[in-house]
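Listed here are the chains, written in short residue letters.
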Amino acid sequence: MKFLKKGVYLFTPLILGLIVAFLIRDYIDYDYLIKPLFAPPSWIFPVMWTIIYFLMGLSYLLYKEYGPVKSIAPTYYTQLSLNLIWPIIFFILKFRFIGTIEIICLTLSVLILLYELFKYYKTSFFINIPYFIWCIFAAYLTFSIYLLN
């Protein structure tokens, strides 16, 4: 049973990310948008998000393993929810400005998560640094695409 619980912690972000990717697959118009300098090719996104969702799950698993000194669950699930909502806003609804506001909120929630992790769970903190950097980059892309299109 403990093994199953660990699997849930580890793979929940990845499974939810795959579900959202499946839902938005017919709406993705990234290749047709005017993009800013430093915009990566579209194949980079599924690779990066797979890695990030796995790292996100790993960091939460480690947090749960070492016994919570302070609960990060509200912040963790808030950022995960914001993460999963963004592609729906940006690709399905095509609300680019709202997507920009939303990804800024996501980036700030990841920053708060990092702050909470740094105080109590250094390994989980370091595991989430790539996620935070990717969110900053995604915010740059989202805002730039909003301005250019």
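As the structure is a prediction and not an experimental result, all values here were calculated from the model. (Residues numbered from 1 in each chain as written. Predicted model: local features only at pLDDT ≥ 70, side-chain atom pairs only at ≥ 80, totals over all residues. Heavy atoms only, no water.)

What to know about the nonpolar core
- Membership of the largest hydrophobic core comes to 41 residues, with the highest contact counts inside it found for Trp 49, Met 56, Tyr 60, Ile 72, Leu 106 and Tyr 131.
- Only helix 1 (2-24), helix 2 (44-65), helix 3 (73-92), helix 4 (96-120) and helix 6 (129-148) provide two or more residues apiece to this core.
- Looking at this core, the element that brings in the most residues is helix 2, giving nine residues.
- Beyond its immediate sequence surroundings of up to four residues, Met 56 is in contact with Pro 13, Tyr 76, Gln 79, Leu 80, Asn 83, Asn 128 and Tyr 131. (Core = buried A, V, L, I, M, F, W, Y, C linked by side-chain atoms within 4.5 Å. Buried < 20%, exposed > 50% of the residue type's maximum accessible area, 1.4 Å probe, protein only. Helix = DSSP H or I, 4+ residues; strand = E, 2+ residues; numbered from the N terminus. Contact = heavy atoms within 4.5 Å.)

What to know about the pattern of salt bridges
- Taken as a whole and judged by the stated rule, the model has three salt bridges.
- Between Asp 29 and Lys 94 there is a salt bridge; the shortest N-O distance is 3.5 Å. Linking Asp 29 in the loop between helix 1 and helix 2 with Lys 94 in the loop between helix 3 and helix 4, this pair joins segments that are 65 residues apart in sequence.
- Given the relative accessible area of 35%, Lys 94 is considered partly exposed.
- Asp 29 serves as the salt-bridge partner of Arg 96, at 2.5 Å between the closest nitrogen and oxygen. Taken together, the residues span a long stretch of sequence, with Arg 96 in helix 4 and Asp 29 in the loop between helix 1 and helix 2 at a distance of 67 residues. For the pair shown, Arg 96 and Asp 29 are each scored as buried.
- Among the charged side chains, a salt-bridge network with shared partners connects Asp 29, Lys 94 and Arg 96. (Salt bridge = Lys/Arg side-chain N within 4 Å of Asp/Glu carboxyl O.)

Here we look at the layout of surface pockets
- Of the pockets and cavities examined, the largest pocket occupies roughly 660 Å³.
- Contributing to the lining of the largest pocket are 28 residues, with Ile 24, Phe 45, Pro 46, Trp 49 and Phe 91 lying nearest its centre.
- Those elements that place two or more of their residues in the lining of the largest pocket are helix 1, helix 2, helix 3, helix 4 and helix 6.
- Across the lining of the largest pocket, the residue classes break down as 21 nonpolar, five polar and two charged. (1 Å grid on protein atoms, 1.4 Å probe; cavity = no way out; pocket = protein on both sides within 12 Å on 5 of 7 lines; lining within 4 Å. Points joined across faces, edges and corners; volume = space filled by probe spheres on them. Nonpolar A, V, L, I, M, F, W, Y, C, P; charged D, E, K, R; others polar.)

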